[in-house]
Amino acid sequence: MSGTAGQWVLLAYRIPRQPSTPRITIWRKLDRLGVARLGDGLVALPADARTREQLEWIAEEIGEAGGSSTLWLAAAASLSQEQDVAEEMRRARAVEYRAVVEQARAAADGRPGERARTVKRLQAELRKIGRRDFFPPAERETARLAVQALNALIEEGAS
Amino acid sequence: MKWATRRGVHIDRAACAWLIRRRVDTGAEFVFVDDPAQVPGDATPFDMRGVELSHHGGDCTFETILRRYDLADPVLWKLAEIVHEADIEDDRFDAPEAAGLDVVLRGLSMVCDDEQVLEVTGPLFDGLYEYFRRGMLLGREPA
């Protein structure tokens, strides 16, 4: 990361507790985007055309669910604060990558018949994590290699 | 008729422009704006916050337009699944084509302006439509 704090897009929102379904749907959507949770009802993503648009649509959905929200473009007041937020996001992705590594290794030790399906699933999972991985941790490469190794094992078995 | 949408067209807006031209208004003219306040008075806005033809209830704008204009064509609804996943990525549908289409559109927007993106994606969506139409008739992947 460069020496100055970057632009972030922030969504401040409130959703009624009941009914809980739209509330949970919105929570899941925010998780899928890989947002940093800065506080109750305040999430952030590094700003680019895509993240801004995605949060705009979620803002719209919050309105339809009877809630309210505002969307902000902001920069952290100090670089160290930004780095803390980035570090938290990096750690969250690292956990997801480690889960992929574990599943890939378990599949390598498991029944050969299951391996092909697991590889497809884990490849899709890696793509999904990659979409919300704004500050890649070292585990990203480990996970990629673990899935690659599992795939190589299948090809060995087939030849 | 005039239609207005946000500048920096991506998958949903490109697909909507194609859909509008092919099924709603053959003489459609498109205007691109930076802000909802810039929408001309005689234009119908789409894929912008706070307008009727936009994301609603988890649907993307392409799906909203299909509903609004009662377009029941199953091939269009198949395209809608792909557009939805390329645009929103919420796994509502299984649409493996979405990831590729998303990248194609992102790349296009780096080298083309909005008018050019619509020009290039016209035949692209025509082709996708034909592909899935044949697939549905055959009941398998068309050659």
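Scoring rules and cut-offs
Residues numbered from 1 in each chain as written. Chains lettered and ligands numbered in written order. Predicted model: local features only at pLDDT ≥ 70, side-chain atom pairs only at ≥ 80, totals over all residues. Heavy atoms only, no water. Pairing = 2+ DSSP bridges. Helix = DSSP H or I, 4+ residues; strand = E, 2+ residues; numbered from the N terminus. Axes fitted to C-alpha atoms, helices over the stretch in contact; angles between N-to-C directions. Contact = heavy atoms within 4.5 Å. Parallel < 35°, antiparallel > 145°, perpendicular 65-115°, else oblique. Left-handed = near helix turned anticlockwise from the far one by under 90°. Nonpolar A, V, L, I, M, F, W, Y, C, P; charged D, E, K, R; others polar. Phe/Tyr/Trp six-rings, centres within 6.5 Å; stacked < 30°, edge-to-face > 60°. Buried < 20%, exposed > 50% of the residue type's maximum accessible area, 1.4 Å probe, protein only. Lys NZ or Arg CZ within 6 Å of the ring centre and 35° of its normal. UniProt positions renumbered as here; feature names shortened; annotations may be inferred. Expected span 1.5 Å × (residues − 1). Buried area = accessible area lost by both parts, 1.4 Å probe. Salt bridge = Lys/Arg side-chain N within 4 Å of Asp/Glu carboxyl O. Polar contact = N/O pair within 3.5 Å; in protein donor to acceptor, adjacent residues only side chain to side chain.

Caption draft 1: Quick look at the sheet that holds strand E3 (residues 42–46) of chain A. All names here are of chain A. Strand order in this open sheet of 4 strands is E2-E3-E1-E4, and the pairing throughout is antiparallel. In the strand order of this sheet, the two ends are held by strand E2 (36–39) and strand E4 (68–75), each with one partner. If you compare each strand with its neighbour and ignore which way they point, the axes differ by 30° on average. Where strand E1 (residues 7–14) lies against E4, 8 bridges are found, and the strand directions are antiparallel. Pairing of Trp8 across the sheet is with Ala74, part of E4. Sheet strands touched by helix H2 (residues 49–64): E1, E3 and E4. Its angle to E1, the strand with the most contacts, is close to 10°.

Caption draft 2: The arrangement of the packing of helix H3 (residues 74–88) of chain B against helix H5 (residues 114–138) of chain B in detail. Residue and element names in this part refer to chain B. Packing of H3 against H5 leaves a shortest axis separation of 9 Å and a crossing angle of 120°. Looking at the two axes, H3 sits oblique to H5. In terms of crossing hand, the pair formed by H3 and H5 is right-handed. Here Pro74, Val75, Leu76, Lys78, Leu79 and Ile82 of H3 lie close against H5, whose contacting residues are Phe125, Leu128, Tyr129, Phe132, Arg133 and Met136. When the residues that make up the contact of H3 with H5 are grouped by side-chain class, the tally is 10 nonpolar, no polar and 2 charged.

Caption draft 3: Here's a closer look at the packing of aromatic side chains. Under the criterion given, the structure shown has 5 aromatic pairs over all chains. On the numbers, 5.2 Å between centres and 85° between planes, the contact of Tyr131 of chain B with Phe132 of chain B is edge-to-face. By relative accessible area, Phe132 of chain B is classed as buried at 11%. Site record: aromatic cluster; members linked through ring pairs are Trp18, Phe125 and Tyr129 of chain B. Residue placement shows Arg37 of chain A over the ring face of Trp27 of chain A; its charged tip is 3.8 Å from the ring centre.

Caption draft 4: Highlighting the UniProt feature "domain: ChrB N-terminal" (unreviewed entry) in chain A. Under the UniProt annotation, "domain: ChrB N-terminal" (unreviewed entry) lies at residues 23–103 of chain A. Regarding residues 23–103 of chain A, the helix share stands at 64% and the strand share at 21%, and the terminal C-alpha atoms are separated by 30 Å.

Caption draft 5: Helix H4 (residues 97–111) of chain B, seen in detail. Counted at 1.5 Å a residue, the expected span for H4 of chain B with its 15 residues is 21 Å, and the 22 Å between its end C-alpha atoms agrees. Where H4 of chain B is buried, its residues touch helix H4 (112–131) of chain A together with helix H1 (11–24), H3 and H5 of chain B.

Caption draft 6: How the structure looks around the pairing of E3 of chain A. Residue and element names in this part refer to chain A. Counting buried residues along E3, 4 of its 5 residues qualify, which places the element largely inside the surrounding structure. Here E1 runs beside E3; their pairing, made up of 5 bridges, is antiparallel. When the bridges of E3 are listed, Leu11 appears paired with Val43. In terms of strand pairing, E2 meets E3 through 3 bridges, oriented antiparallel. Following the sheet pairing, Ala36 is matched in E3 by Ala44. Between E2 and E3, which pair antiparallel one after the other, the connecting turn spans 2 residues, and Gly41 there sits at a positive phi close to 70°.

Caption draft 7: Highlighting the interface of chain B and chain A. Each side of the interface is counted separately: chain B has 17 residues, and chain A has 13 residues. Carbon and sulfur atoms make up 39% of the surface buried where chain B meets chain A, a total of about 1,400 Å² over both sides. If you sort the residues of chain B by the area they bury against chain A, Arg49, His55 and Glu89 of chain B come out on top, with a joint share of 40%. Scanning the region where chain B abuts chain A turns up 7 salt bridges. Its salt-bridge partner being Glu89 of chain B, residue Arg131 of chain A comes within 3.1 Å of it at the nearest N-O pair. In this assembly, chain B and chain A are joined by 11 residue pairs in polar contact (both at pLDDT 80 or more). Taken together, the residues that form the side of chain B that touches chain A break down as 1 nonpolar, 6 polar and 10 charged.

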